[in-house]
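Survey of secondary and tertiary structure
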Amino acid sequence: MKTLKDKVIVVTGAGGAMAGAVIEGFYKAGARLLLVDRDTLRSEGRANSYGITPCQEDLMSFESAQRVVAEAKQQFSKVDGLVHLVGDVVTGSVLDTSFEDYSRVFQTNVRTLFDMTKAILPELVKRDEAFIAGIASREAWRGSAAGSGIFAAAKSAVATFLRSLDGELQTTGVGVSIIYPMGYLDTSHNRKTLGKKEPFIQSESIAQAILDAALSGQGGRLLEVPVYPPRAKG
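Report on the accompanying structure. (Residues numbered from 1 in each chain as written. Predicted model: local features only at pLDDT ≥ 70, side-chain atom pairs only at ≥ 80, totals over all residues. Heavy atoms only, no water.)

This paragraph deals with the sheet that holds strand β1 (residues 8-12). Strand order in this open sheet of 7 strands is β3-β2-β1-β4-β5-β6-β7, and the pairing throughout is parallel. Edge positions in the sheet fall to β3 (55-56) and β7 (224-227), since each has one partner strand and no second. Taken together, the 5 bridges between β1 and strand β2 (residues 32-37) define a ladder with parallel strand orientation. Counted as the bridge partner of V8 is R32 from β2. (Pairing = 2+ DSSP bridges. Helix = DSSP H or I, 4+ residues; strand = E, 2+ residues; numbered from the N terminus.)

Listed below in structure tokens is the structure:
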């Protein structure tokens with residue numbers, strides 16, 4: 001995209017830890033935003049800060065994704081992009097992972113992305129410039145992760161799906177980007193459970209990577225973007 005000014009961007013998982021910085025970055029860049037989360041209470045504070053009406057959908061069905069697209073069209077008359085931040089984290093060995101965990105990690109990471117993409121793509125291909133971004137993981141980049149194999153498999157599926165989608169969209173104006181956080185995000189939960197074992201990635205760095213990817217394409221595309229933690233000092 002040449003600019004994000006007045007572009008209509010759907011941000012899913014808008015109540016999550018990563019989303020605050022993403023919302024702020026796109027808002028400051030002039031985008032008009034539809035903020036989607038399964039729990040309105042998680043996103044309404046952020047939405048109210050920017051004068052935006054939150055959209056409550058769990059995205060666990062194609063019909064839910066269709067309602068999101070319909071809401072975006074009703075509010076803004078068009079859709080220019082999707083930043084998909086939905087996806088639960090499940091860790092543990094294969095022996096410790098339940099079938100419920102398996103279903104949840106694939107439903108939230110892969111199924112929601114597929115449904116949202118399928119619902120929004122007919123609108124995006126109408127635009128001269130449009131954009132889809134999704135979040136993979138360090139595990140997906142490296143191709144394995146002892147102790148969190150199901151999560152690694154789900155995020156690898158996300159990355160492969162988006163790479164394949166990029167190939168399908170070569171003759172359109174729709175850009176695709178995959179963002180890989182190559183470490184743990186700086187959240188209160190991670191600080192509590194992980195302590196100071198390694199530097200944390202700031203959400204602002206993820207947001208900047210997505211913004212840069214959205215604005216790329218004229219002289220070169222940012223298809224796969226790893227974002228590493230800062231170097232440890234001392």
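Grouped together as the largest cluster of nonpolar side chains are 34 residues, with contacts concentrated most on V10, L34, V68, M116, I120, I132 and L162. Only β1, β2, α3 (62-76), α4 (99-124), β5 (130-135), α6 (149-168) and β6 (174-181) provide two or more residues apiece to this core. Top contributing element to this core by residue count: α4, with 6 residues. Excluding residues within four positions of it along the chain, M116 makes contact with V10, T12, L59, A65, V68, V69, L82 and H84. Listed in part, the 33 residues of the second largest apolar core include L33, I201, L211 and A213. (Core = buried A, V, L, I, M, F, W, Y, C linked by side-chain atoms within 4.5 Å. Buried < 20%, exposed > 50% of the residue type's maximum accessible area, 1.4 Å probe, protein only. Contact = heavy atoms within 4.5 Å.)

What follows concerns the packing of aromatic side chains. Within this structure, the stated rule accounts for 4 aromatic pairs. Ring plane angle 50° and centroid distance 4.5 Å describe the contact between Y27 and Y50, whose orientation is recorded as tilted. You can see Y27 sitting in helix α1 (residues 19-28) and its partner Y50 sitting in the loop between α2 (40-49) and β3, a full 23 residues away along the chain. On the basis of relative accessible area, Y27 is assigned to the partly exposed category, the value being 38%. Judged by centre distance (5.0 Å) and plane angle (40°), the ring pair of Y102 and F106 falls under tilted. Pair noted here: Y102 and F106 are both in helix α4, with a separation of 4 residues, about one helical turn. Judged by its relative accessible area of 42%, Y102 falls in the partly exposed class. When the ring centre of Y184 is taken as reference, the NZ or CZ atom of R138 above it lies at 5.2 Å. (Phe/Tyr/Trp six-rings, centres within 6.5 Å; stacked < 30°, edge-to-face > 60°. Lys NZ or Arg CZ within 6 Å of the ring centre and 35° of its normal.)

Note on placement: T112 falls in helix α4. Spatially, the C-alpha atom of T112 lies 25 Å from that of M1, the residues being 111 residues apart in sequence. For T112, the residues in contact, after removing those within four places along its chain, are D58, L59, M60, H84, V86 and Q107.

Glancing now at unusual backbone geometry. The backbone of L59 shows a phi angle near 60°, a positive value even though the residue is not glycine. With a relative accessible area of 1%, L59 lands in the buried category. Positive phi, close to 70°, is recorded for S77, a residue that is not glycine.

For β2, the tally of buried residues reaches 5 of 6 residues, placing the bulk of the element in the interior. Regarding topology, α1 serves as the crossover connection from β1 to the parallel β2, and that connection is right-handed. Examined bridge by bridge, β2 and β3 share 2 bridges and lie parallel to one another. Across the sheet, V36 pairs through a bridge with C55, a residue of β3. On the question of chirality, the crossover connecting β2 to the parallel β3 by way of α2 is right-handed. (Right-handed = clockwise from strand over helix to strand, strands pointing away.)

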